[in-house]
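The lines below spell out each chain.
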Amino acid sequence: MRNVSRKSVSYMGIPIEYTLTRKPVKNINIRINEHGEIMVSAGRRVPSGYINDFVESRAEWIIRNLAAIERYNETKPDSGVYTGKKVYFLGQLCVIDVEEGDGERVLIDGNVISIYTKKADDHEAVKKMYLKWLYTEAEKVFSLRMEEIYSIISGEGVPRAALDIRNMKSVWGTCNIEKCKITLNLQLIKADVKCIDQVILHEYMHFKVRNHGADFYKLIDKYMSDWREYKKDLEEKYKDGI
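Residues numbered from 1 in each chain as written. Predicted model: local features only at pLDDT ≥ 70, side-chain atom pairs only at ≥ 80, totals over all residues. Heavy atoms only, no water.

**Student:** Go over the packing of aromatic side chains, please, and point to the residues and values.
**Tutor:** Applying the stated criterion across every chain yields a total of seven aromatic pairs. Aromatic side chains Tyr204 and Phe207 sit 6.0 Å apart centroid to centroid with 50 degrees between the ring planes, which places their arrangement in the tilted category. Grouping residues by exposure puts Tyr204 and Phe207 together as buried. Aromatic rings pair up to connect Phe89, Tyr130 and Trp133 into one cluster. Geometry around Trp61 places Arg58 over its ring, the cationic atom sitting 4.7 Å from the centre. Above the plane of the ring of Tyr116 lies Arg105, whose end atom (NZ or CZ) is 4.3 Å from the centre. (Phe/Tyr/Trp six-rings, centres within 6.5 Å; stacked < 30°, edge-to-face > 60°. Buried < 20%, exposed > 50% of the residue type's maximum accessible area, 1.4 Å probe, protein only. Lys NZ or Arg CZ within 6 Å of the ring centre and 35° of its normal.)

Pasting the structure below:
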């Protein structure tokens, strides 16, 4: 079980507040999320004073990154698709390269997503083409992950669900028990596979337990004990404005 608490240290008169999570890790880890929140994780037996000293020793790095995040938030990603645009795909930060060409195709090579089109100057057409490619890739990946998760939880007596994909704003997934269908948010294709699996598992378990009570989360824990970490990643990462 994780133990979460709020802590604070001071560096040259500057207060640095952070959230400390006690969990089974060997090292002290520090990260700063996109909201400028400082998150620290450490083992359960590491003394609080030692953790505070470690955070204070990283104060200059923390202050620099907080300033960078503030600058970034002032110019959050727009919804355009153009050369140089940074986007996410399966958890990887990629860059868009739009090129004029005879054919209409999208290719990914490493962390570069190349869009070849006759309408390279038509930003709406380029965006539409990119979203169509995302749908195609999402259908392939989501279908494989749906099969994988179902093979793991089929012993629970849940039916094999059909897949639907929509570009949704407020939820990562939904299930329709009557139609035996799971709808996944297109935006999930930007996330790490474990995050995708977490949403699929969540929706599949609703075929057995319709509410979000204790029995429901016992089922989730049974098959993915660290699902909360992936859920948190979904809320904090993989935002590119598209």
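**Student:** Lay out the pattern of salt bridges in plain terms, naming residues and giving numbers.
**Tutor:** Overall, the coordinates contain 13 salt bridges when judged by the stated rule. As a salt-bridge pair, Glu17 and Arg6 come within 3.3 Å of each other at their nearest N and O atoms. With Glu17 in strand E2 (residues 14-22) and Arg6 in strand E1 (residues 3-11), the pair connects residues that are 11 residues apart, well separated along the chain. Taking relative accessible area as the criterion, Arg6 reaches 52% and is therefore assigned exposed. Linking Glu178 and Arg210 is a salt bridge whose minimum nitrogen-to-oxygen distance equals 3.8 Å. Taken as a pair, Glu178 in the loop between strand E10 (173-176) and strand E11 (181-185) and Arg210 in the loop between helix H4 (193-205) and helix H5 (214-223) lie far apart in primary sequence, 32 residues in all. Each member of the pair Glu178 and Arg210 is classed as exposed. Each of Arg31, Lys232 and Glu236 takes part in one network of salt bridges that share partners. (Salt bridge = Lys/Arg side-chain N within 4 Å of Asp/Glu carboxyl O. Helix = DSSP H or I, 4+ residues; strand = E, 2+ residues; numbered from the N terminus.)

**Student:** Got a sec to walk through the side chain of Glu203? Specific residues and values, please.
**Tutor:** For Glu203, the position within the fold is in helix H4. Comment: no salt bridge for buried Glu203; closest opposite-charge side chain is Lys231, at 10 Å. Residues in contact with Glu203, not counting those within four places in the same chain, are Gly173, Thr174, Cys175 and Ile182. (Lys, Arg positive; Asp, Glu negative; His and termini not counted. Contact = heavy atoms within 4.5 Å.)

**Student:** Could you give me a rundown of the sheet that holds E1, with the residues and numbers involved?
**Tutor:** A sheet is described by the order of its strands in space; here four strands give the open sequence E1-E2-E4-E3, paired in mixed fashion. The open sheet terminates on both sides in strands that have one partner only, identified here as E1 and strand E3 (29-32). Averaged over all pairs of adjacent strands, the angle between their axes in this sheet comes to 30 degrees, without regard to strand direction. Sheet analysis places E2 next to strand E4 (residues 38-42), joined by four bridges and oriented parallel. Residue Thr21 lies in a different strand from E4, and its bridge partner there is Ser41. Of the strands in this sheet, E1, E2, E3 and E4 touch helix H2 (residues 59-74), which is tilted by about 20 degrees from E3. (Pairing = 2+ DSSP bridges. Axes fitted to C-alpha atoms, helices over the stretch in contact; angles between N-to-C directions.)

**Student:** Describe the packing of H4 against helix H6 (residues 227-236), with residues and values.
**Tutor:** A pair of packed helices is characterised by two quantities: the angle between their axes and the separation of those axes. Packing of H4 against H6 leaves a shortest axis separation of 9 Å and a crossing angle of 110 degrees. By the angle between their axes, H4 is roughly perpendicular relative to H6. Contacts from Lys194, Cys195, Gln198 and Val199 in H4 reach Trp227, Tyr230, Lys231, Asp233 and Leu234 in H6. Considered class by class, the residues forming the contact of H4 with H6 number five nonpolar, one polar and three charged. (Parallel < 35°, antiparallel > 145°, perpendicular 65-115°, else oblique. Nonpolar A, V, L, I, M, F, W, Y, C, P; charged D, E, K, R; others polar.)

**Student:** So, the nonpolar core: which residues are in play, and what are the values?
**Tutor:** Ranked by size, the top nonpolar core spans 50 residues in total, and within it Ile113, Ile115, Tyr130, Phe142 and Tyr204 carry the most contacts. For this core, the secondary-structure elements that each account for two or more residues are strand E5 (86-89), strand E6 (92-100), strand E8 (112-117), helix H3 (123-153), E11, H4, H5 and H6. A per-element tally of this core places H3 first, with 13 residues. If we ignore the near neighbours within four places in the chain, the residues touching Ile115 are Val81, Ile96, Asp97, Val98, Glu99, Arg105, Val106, Val126, Met129 and Tyr130. With 16 residues, the next largest nonpolar core counts Val9, Tyr11, Ile30 and Val40 among its residues. (Core = buried A, V, L, I, M, F, W, Y, C linked by side-chain atoms within 4.5 Å.)

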